[in-house]
Amino acid sequence: MLLFISTHKLLSGLVAFFLFGSIAVQVLVGIRLQKLLDELDKPTGAKSPFLKKCRVHPGQINLNEHVEKCLDTYRIGPFGIRGLKQLSLQGLMLSVIFCGVGVCIGIVRGETIGSLLPFYIFSMIGLYCYYAISGVVDIQTKLDRLRGKLVRYLDRGGHAAPKKGQANEEKEEDGEAVKETAVDKKQDGDSQWDELVELFDELSFFS
C-alpha cells in the first residue's frame, strides 16, 4: 500500500483530500446544528445572534415560513446548510472520479490489475465511510428538530426554557417529526444506493 501511495502521490493525495474534506464538512454541519438545538433548550440561547435574528418576525408571514427563511439565511462561513451538504456530496463524487482517473492512467501505462486494485479499495472504503458517517450525523433529522424547536421558541416569544408539560409535548412532537422524515430518509437512501451503483458502473467501465 505504501508503494502504491508513493507511486501515485498526486492522485492518492487528491482522493484523500476530497474524501476527508467531504466527511469533515458533514461533521461540521452536524456539530453546528446540534449546538443550535442545545441553545434552544437553555435560557442562554437567547444570546445567540442567529436566535436574536429569528426573533425579528415581520408579522405578515406565519412562523413556519419565517423559520424556513431564517434557516435559509443561516451561514457557516460563506456557505448555507444546503450549500454545505451539496459541497460535501461533490467532494465525495470527486474522490470517486479521481479513483477512476487513476485506473485509466494505470491501464494506459500497462500496469497490472493488482497495482490498480487499491483505487477500487479506496473508492469502496470512501463510499462506505461517507454514508456511514452521514447516517450517524443525520443532518436531515437535526434540521427537522431544529425547525420544530424554532417554531415553538418563537411562538413562546423567544423564551428558550419550556415548562415540564411543554417539554413533554416537544418530545412527542420531535418523535412525530422523526417518524415523518423516516419515509423521506428511506427514499433518500434508495436514491443514494442508485448513485452508488452508477458510480461503480462508471469505474467498471473505466477498467
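Before any of the text, the structure's been laid out above.
Numbers given to residues run from 1 along each chain, matching the order in which its sequence is written. Local features in a predicted model are, by the rule used here, given only for residues with pLDDT of at least 70; side-chain atom pairs are given and counted only at 80 or more, and totals for whole chains, interfaces and linings are based on all residues. Computation of side-chain values: all heavy atoms of the structure, hydrogens and water removed.

Engineer: What is the right way to read the overall build of the protein from this model?
Structural biologist: Labels follow the DSSP assignment, with helices taken as runs of H or I lasting at least four residues and strands as runs of E lasting at least two, numbered in each case from the N terminus. Of the regular secondary structure elements, the protein holds eight helices and two strands. Only protein chains enter the calculation, and the probe is 1.4 Å; a residue is then buried if its accessible area is under 20% of its type maximum, exposed if over 50%, and partly exposed in between. Put simply, the protein has 207 residues, and 36% of those count as buried. Only the protein chains shown count as cover for residues, and all accessible areas are computed by the Shrake-Rupley method using a 1.4 Å probe. When the accessible surface of the protein is summed, it comes to about 12300 Å², and 63% of that surface belongs to carbon and sulfur atoms.

Engineer: Is there a simple way to explain the pattern of salt bridges in this structure?
Structural biologist: Put simply, a salt bridge is a Lys or Arg side-chain nitrogen that is within 4 Å of an Asp or Glu carboxyl oxygen. Tallied over the full model, the rule gives four salt bridges. Residue D72 pairs with R82 through a salt bridge whose shortest N-O separation is 2.3 Å. Here R82 lies in helix α5 (residues 81-109) and D72 lies in helix α4 (residues 63-73), a separation of 10 residues in the sequence. Given the relative accessible area of 38%, D72 is considered partly exposed. Among the residues examined, R82 registers a relative accessible area of 52% and is labelled exposed.

Engineer: What exactly am I supposed to notice about the nonpolar core here?
Structural biologist: A general feature of soluble globular proteins is that nonpolar side chains tend to end up buried together. Residues belong to a common nonpolar core when they are buried Ala, Val, Leu, Ile, Met, Phe, Trp, Tyr or Cys residues joined through side-chain atoms within 4.5 Å. By size, the foremost hydrophobic cluster in this structure holds 25 residues, and its most contacted members are V29, L33, F50, L146 and L150. When residues of this core are traced back to their parent elements, those giving at least two are α2 (9-40), α3 (49-54), α4, α5 and α7 (139-155). Per-element tally for this core: the top contributor is α7, with seven residues. Discounting chain neighbours no more than four positions away, the residues touching L150 are L40, F50, L51, C54, V67 and L71. In this description, contact between two residues means that some pair of their heavy atoms is separated by no more than 4.5 Å.

Engineer: What's the story with the packing of aromatic side chains in this structure? I'm lost.
Structural biologist: When we look at a pair of aromatic rings, we describe it by the centre distance and by the angle of the planes. Here the aromatic set is Phe, Tyr and Trp, taking the six-membered ring for Trp, and pairing holds for ring centres within 6.5 Å; pairs whose planes are under 30 degrees apart are stacked, those over 60 apart are edge-to-face, and all others are tilted. Tallied over the full model, the rule gives four aromatic pairs. For the pair F18 and F98, a centre-to-centre distance of 5.7 Å together with 15° between the ring planes defines the contact as stacked. With F18 in helix α2 and F98 in helix α5, this pair connects stretches of sequence that are 80 residues apart. Measuring from centroid to centroid gives 4.7 Å for F50 and Y74, while their planes differ by 65°, and the two rings are edge-to-face. With F50 in helix α3 and Y74 in the loop between α4 and β1 (75-76), this residue pair connects regions lying 24 residues apart in the sequence. When sorted by exposure, F50 lands in the same class as Y74, which is buried. Connected via pairs of aromatic rings, a cluster forms that spans F17, F18 and F98.

In short, the description is geometric, and any link to function would need to be established separately.
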